Amino acid sequence: WATSFSSLPYVGSPITDNNYFTQYNRVRVIDGDGSPHGARDWAVFNFGPSNGQRDFDGTATSNAFFGGESTYSGGLGGLGGSISYGQIWGFSTENGWMLLY
């Protein structure tokens with residue numbers, strides 16, 4: 001997608017001393033950066049500027065996103081090195097919790 005598949009309001013944050021998650025009051029799900037580079041230019045969850053300012057890799061040190069592009073799996077969003085690892089879990093009644101990403 002050149003733009004996000006879905007945009008959801010987001011008002012809570014597990015981090016109380018930084019607006020990493022809440023600065024834009026929404027999360028964009030499966031967000032393409034709008035550039036012509038194809039399948040590498042997206043993020044699973046984008047809490048930062050729309051479309052990663054057209055380059056999720058290039059804005060990894062300043063924007064807030066998770067799971068995408070080719071080099072950086074997540075943006076630091078101005079938090080320095082404090083966010084470096086994450087997981088996406090899914091749940092089904094048949095299999096319980098499963099690691100998706």
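Please read all numbers here as calculations on a predicted model, not as lab measurements.

How each quantity is defined
Residues numbered from 1 in each chain as written. Predicted model: local features only at pLDDT ≥ 70, side-chain atom pairs only at ≥ 80, totals over all residues. Heavy atoms only, no water. Helix = DSSP H or I, 4+ residues; strand = E, 2+ residues; numbered from the N terminus. Buried < 20%, exposed > 50% of the residue type's maximum accessible area, 1.4 Å probe, protein only. Contact = heavy atoms within 4.5 Å. Areas by Shrake-Rupley, 256 points an atom, 1.4 Å probe, with all protein chains shown as cover. Patch = residues over 30% accessible without salt bridge, like charges linked within 9 Å, V, L, I, M, F, W, Y side chains within 5 Å. Salt bridge = Lys/Arg side-chain N within 4 Å of Asp/Glu carboxyl O.

S.K.: Honestly, the overall build of the protein chain in this entry has me stumped. Any pointers?
M.R.: The number of helices and strands found in the protein chain is zero helices and six strands. Start at the N end of the protein chain and walk to the C end: the helices and strands fall as β-β-β-β-β-β. Taking all 101 residues of the protein chain together, the buried fraction comes to 37%. Counted over contacts in the protein chain with a minimum sequence separation of 6, partners at least 24 positions apart contribute 28%. Summing over all exposed atoms, the protein chain offers an accessible surface of approximately 6100 Å²; the carbon and sulfur share of this is 56%.

S.K.: Even after reading the chapter, I still don't get a nonpolar patch on the surface, so can you show me in this structure?
M.R.: Residues Trp89, Phe91, Trp97 and Leu99 make up a contiguous nonpolar surface patch of roughly 510 Å² in combined accessible area. If you list the elements that add at least two residues to the nonpolar patch, you get β5 (89-92) and β6 (96-99). Here phenylalanine 91 shows up in strand β5.

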